[in-house]
Structure formats: C-alpha cells, structure tokens
Amino acid sequence: MDEPHIRPSRLSDEAALAALDREVWSPLHSVQPRPEPPFAPFFDPANPPAYYLVAEVEGRVAGYLRLVRPTRLDCNGHVRQIQGLAVAGRARGRGVARALLRAAAEESRRQGARRLTLRVLGHNTPARELYASEGFAVEGVLPGEFLLDGTYVDDVLMGRSLTE
C-alpha cells in the first residue's frame, strides 16, 4: 500500500466522505447514534469542505480529519481543535491517522496556531495511544460525561504545543 497523500477536502469528496463516515461509525469513538437513512449531508454550512483534510491511498479516499477553531473568540484564535478523525478499515494500521495528525499540526501552524487540542472517549485506548505518540498529553478528564450503551464514559481532553 502506498504512503497516504494528505490534501484539503473539496466539495466533490462529499459522497466518499459520507460513505466513510457511515462505514467507520462505532461506539468506541462516537457519541452520536448510528447513522440511519435518510442521511444528512456530510458538508453543510457549519461543516464546509475547508474544515477537512483528506487522506488518499492509491487514489482513493482513505480517511479524513476535521480541523477547526474551538470557539469564535479572538482570544482563543491561537488554538485549533481536531473534531473528527476517521480512517477506512482497509487503510487501518498503515499510517493514515498519523499522517492526518501531522498534516493537521502543519496546517494549524500555517494558520498561526500555537496549540492543537482534541477530545477522545476514555475507552478509546488505541486513539489515546496514537495521540500520545504524536505529542498530545491529557490535559483534563470529564468523568462519566457520556452515557453510551448503558455505560458512563469519560471525555478526555488532550492537547499539544505547536511551538516546540
């Protein structure tokens, strides 16, 4: 399998990203109910293509990462937040998520950010380990923040500096 190619998303990615989102849905990483038809559009005014980085492997969409400002406040403008990361099953374990995280850090720096943050469910050990290996540290925990399938799950806040 080729190395992942990371690029900005474009409107023409809509169908592939929507299908990927439905394919990878899991209570391991999602607090939303399982998607059911009729499906909402992937892109909408609150989630335009400009917020996404896309990973391609062998010319096919293999993953995406949503990168946004966490708030509209000017005093928070130096922070970017990852609010979604998905990798197709066929591309897992091949460095796609790591490539997306590194591209997100580069893009955040390009936008003038000094920090990159994310939230991850406490029971998502593989994701937490990946984030830690890419320099993210646990900065806070909201115990039992979500009730998923009858189990209370922590919301773990992680972040890293982009100036080091």
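Residues numbered from 1 in each chain as written. Predicted model: local features only at pLDDT ≥ 70, side-chain atom pairs only at ≥ 80, totals over all residues. Heavy atoms only, no water.

Visitor: When you look at the environment of Ala132 in this model, what are you seeing that I'm missing?
Guide: Among the secondary structure elements, Ala132 is positioned in helix α3 (residues 125-133). The spatial distance from the C-alpha of Ala132 to the C-alpha of Glu145 is 21 Å, given a sequence separation of 13 residues. (Helix = DSSP H or I, 4+ residues; strand = E, 2+ residues; numbered from the N terminus.)

Visitor: Help me understand the side chain of Ser108 in this model?
Guide: Within the secondary structure, Ser108 is located in helix α2 (residues 96-110). With residues near it in sequence (within four places) discarded, Ser108 still touches Leu67, Arg80, Ala113, Leu116 and Leu162. (Contact = heavy atoms within 4.5 Å.)

Visitor: It is not clear to me how unusual backbone geometry should be interpreted in this structure. Could you clarify?
Guide: Most peptide bonds take the trans form, and the phi angle of most residues other than glycine is negative. Here the residue pair Pro37 and Pro38 is connected by a cis peptide bond, since its omega of -5° sits within 30 degrees of zero. Within the secondary structure, Pro38 sits in the loop between α1 (14-24) and β2 (52-57). The phi dihedral of Glu58 falls on the positive side, at around 55°, and the residue is not glycine. Along the chain, Glu58 turns up in the loop between β2 and β3 (60-68). Residue Glu58 is classed as exposed on the basis of its relative accessible area, which comes to 51%. (Buried < 20%, exposed > 50% of the residue type's maximum accessible area, 1.4 Å probe, protein only.)

Visitor: Explanation requested: the sheet that holds β2 in the structure shown.
Guide: By definition, the strands of a sheet pair up through backbone hydrogen bonds, in either a parallel or an antiparallel sense. One open sheet holds the seven strands; their spatial order is β1-β2-β3-β4-β5-β7-β6, and the pairing between them is mixed. Each edge of the sheet is formed by a strand with only one pairing partner; in this case those strands are β1 (5-8) and β6 (137-148). Along the sheet, successive strands turn relative to each other by an average axial angle of 25°, direction set aside. Relative to strand β7 (residues 151-161), strand β5 (residues 115-121) runs antiparallel, the two sharing seven bridges. The partner of Leu116 across the bridge, within β7, is Arg160. Of the strands in this sheet, β2, β3 and β4 (79-87) touch α1, which is tilted by about 90° from β3. On top of the sheet, α3 reaches β4, β5, β6 and β7; it is set at about 165° to β5, its chief contact. (Pairing = 2+ DSSP bridges. Axes fitted to C-alpha atoms, helices over the stretch in contact; angles between N-to-C directions.)

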